[in-house]
Amino acid sequence: MSFAFSFLFPWLLALLMIQCVAVKVKKPPHGWRLTTILAIISGIIAFLPVRGLPLARWLIGIQANFSFPLIAVVFNKAWEHASGSRLLDRQASMASWVFGLFSGLVLYPMALGLGGFDPYAFGWGFSWLFVSLAILTIALLLIKNRFAAVLMACILGYDLNLLESQNLWDYVVDPFFVLFSFAALSTWLIRRMGKPLSD
Amino acid sequence: MSRRAVRIAIVITLLLYAVPGWRWLCSLNQDPPTFRLNQSFDPIDQGLPRMTQEFMSGDHGAGTVHVASICEMADGRLAASWYGGTREGARDTAIYLAVRNPGMPGSWSAPREVVNRDSASRELRRYVKKLGNPLIFTDSRNRLWLIYVTIAVGGWSGSSLNLKVSDDGGRSWTPSTRLTLSPFLNVSELVRNNPLQMSDGSLAVPIYHEFLGKFSEILWVREEDGAFSVRKTRIAGGRSFIQPSIIVRDPHRAAAFFRSCSDERAVGMATTQDAGATWSEPQHLDLPNPDAAVNALPLSGGRILLAFNESLRGRENLQLALSSDNGATWQRIARIEEDKGAEFSYPYMMQDSHGRIHLVYTWHRRRIKHVVFDEGWINLKLQGASG
């Protein structure tokens, strides 16, 4: 299962990149017919064999476990290009950025050797990490934040072993998602600070 | 979203978390695994203490061989593995396997490639730039396991671990399985020293991480119906102690000896009282270490044998030391190698079912040497050292 699933992120990324190029050349990729054609082209690119390996698997050689929130961010953007609407609204995007940055700060410094405590160890089996994520998901559901659906996808993916990793952390965060969250939050903060205060 | 939809989503969330929660509840009924002690020996050489030496690999000339490990198979044959190529980290590096029939001097088979860059890339279905450290061992079902390093980007800090198993003494192998052990691009996990058998049939493999931090860990592997489940716990954090070599004292107690990569150039040691779940803070021993691999072996009477480079800077010698007081003090018993400017490194020891101790190590980076001795020889050397 994880082998087939590994093509999802590279395929979505290829689709998003083509859509972005279309936007740049002033040909907005709206409409489902055009999106279907672009999706097929993206699929061909993802499966394109290069020196015996599909192009998607070259990306997997660098990072085999793209987190579900990152997949959701890319899917959301591709969906927005295709339909003009957003699956992750403003609140959900903000929740995902804060979640990405916070998870990255909790996980990476200690998992890479800062101190003797390793938070990554709590992702191998049921632990406080699972309880915390369940509580967060329910809290987000109660305030009707759509990022809850992404967190539900994380635990569903974990139960179904969709990623190569057996650790729940890899389903909820990855270095690229943390970088994206940091960049998005920083941009938002800079823009907000640049805006004049309203009465 | 309606209130009904929210309620349904909450129920689904709870059900999704109930799956790992149920597995956890079921595991509460099981006792945590303990170390399985080595089987008793069946000595066949009751005569004089003996020590023999041989090379198990041909001379690589301008090339390099490194990081050997050895194990005994169910039929009494020995299997050894190492990596070799034009130089360390070269793209033509491959993992080699050689097999030796029991009791026949000089009968190591010609080394053959088990994995190379192309086969690893094909089996893992991703780009592999080069190969590194292999570790060969047998499990409780007498199958051969090979854990080895692959690198896609960068140097050793870009290492990931992979696993292969053989049911037929190394003639054929399962395709490689990638083990995801690090949250940061799954890099910087390496393997070196002897694995431990656990009471529940799982394995505890000492591994280490070297990226921003340099520290030792244990990889816990269990195989069920051909699928491997893994988890990892840390022995110590920081930037000082890597390449743990663990010896078991009883089902709960063990000691780990470390290569030191700190400025304090001395072998490190830590202990566990709960079968590897937690470890004491590593301490430096009164044994020098030039940032080089060490290897420990438990002997009869609670003694510990350690192979190491007796130097603060180079790997120009290979020394054996013995401790009879759980590692507190050490007595040098034999210098296996010494040659100025040469390299004798990465020792790996194993005691076979007849009590013979097999030591393999890198010899001048050109060959893998195999030294065999028994506890009688150690006792003889100990008497000499004491006298």
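The text that follows walks through the structure, step by step, so that each part is easy to find.

1. Things to note about the sheet that holds strand β8 (residues 159–166) of chain B
Residues and elements named next belong to chain B.
Next up, step 1: A sheet is described by the order of its strands in space; here four strands give the open sequence β6-β7-β8-β9, paired in antiparallel fashion. Where the open sheet ends on each side, the last strands, each with one partner, are β6 (130–138) and β9 (177–179). Averaged over all pairs of adjacent strands, the angle between strand axes in this sheet comes to 25°, irrespective of strand direction.
Next up, step 2: Relative to β8, strand β7 (residues 144–151) is paired through eight bridges, and the arrangement is antiparallel. Among the inter-strand pairings, Val149 is bridged to a residue of β8, identified as Leu161.
Next up, step 3: Helix α2 (residues 117–124) rests against β6, β7, β8 and β9 of the sheet, and its axis sits at about 75° to β6.

2. Side note on the interface of chain A and chain B
Next up, step 1: Listed by partner, the interface residues are 43 residues for chain A and 39 residues for chain B.
Next up, step 2: The set of elements that each furnish at least two residues to the side of chain A that touches chain B consists of α4 (55–62), α6 (90–111), α7 (128–142), α8 (147–159) and α9 (168–172) of chain A.
Next up, step 3: Sorting elements by how many residues they give to the side of chain A that touches chain B places α7 of chain A first, with six residues.
Next up, step 4: Residue classes in the side of chain A that touches chain B are distributed as 26 nonpolar, 11 polar and six charged.

3. Concerning the nonpolar core
Next up, step 1: Core analysis: the biggest nonpolar cluster contains 105 residues, and Ala68, Ala80, Ala256 and Leu306 of chain B have the highest contact counts within it.
Next up, step 2: Those residues in contact with Leu306 of chain B that lie beyond four places of it in its chain are Phe257, Val294, Ala296, Ala321 and Trp330 of chain B.
Next up, step 3: Listed in part, the 57 residues of the second largest apolar core include Trp11, Leu16, Ile71 and Leu101 of chain A.

4. Let's talk about the pairing of strand β2 (residues 64–72) of chain B
Residues and elements named next belong to chain B.
Next up, step 1: Of all the nine residues making up β2, nine are buried; the element is thus mostly covered by neighbouring parts of the structure.
Next up, step 2: The pairing of β2 with strand β3 (residues 78–85) spans seven bridges and is classified as antiparallel. Residue pairing in the sheet places Ile70 in a bridge with Ala80 of β3.
Next up, step 3: The turn joining β2 and β3, which pair antiparallel and follow one another in sequence, is formed by five residues; a positive phi near 90° is taken by Gly76.

5. Observations concerning helix α1 (residues 3–27) of chain B
Next up, step 1: Taking 1.5 Å per residue as the helical rise, α1 of chain B with its 25 residues ought to reach 36 Å, and the 36 Å between its terminal C-alpha atoms agrees with that figure.
Next up, step 2: Taking the largest bend as the criterion, α1 of chain B deviates by roughly 35°, centred on Val19 of chain B, and proline Pro20 of chain B comes between one and four positions later.
Next up, step 3: Three or more residues of α1 of chain B are buried, namely Ala9, Thr13, Leu16 and Tyr17 of chain B.
Next up, step 4: Those residues of α1 of chain B hidden inside the fold are in contact with α7 and α8 of chain A.

Rules of the game
- Residues numbered from 1 in each chain as written.
- Chains lettered and ligands numbered in written order.
- Predicted model: local features only at pLDDT ≥ 70, side-chain atom pairs only at ≥ 80, totals over all residues.
- Pairing = 2+ DSSP bridges.
- Helix = DSSP H or I, 4+ residues; strand = E, 2+ residues; numbered from the N terminus.
- Axes fitted to C-alpha atoms, helices over the stretch in contact; angles between N-to-C directions.
- Contact = placed C-beta atoms within 7 Å.
- Nonpolar A, V, L, I, M, F, W, Y, C, P; charged D, E, K, R; others polar.
- Core = buried A, V, L, I, M, F, W, Y, C linked by C-beta atoms within 7 Å.
- Buried ≥ 20, exposed ≤ 12 C-beta atoms within 10 Å, placed from the backbone.
- Expected span 1.5 Å × (residues − 1).
- Bend = angle between axes of the 7 residues up to and from the residue.

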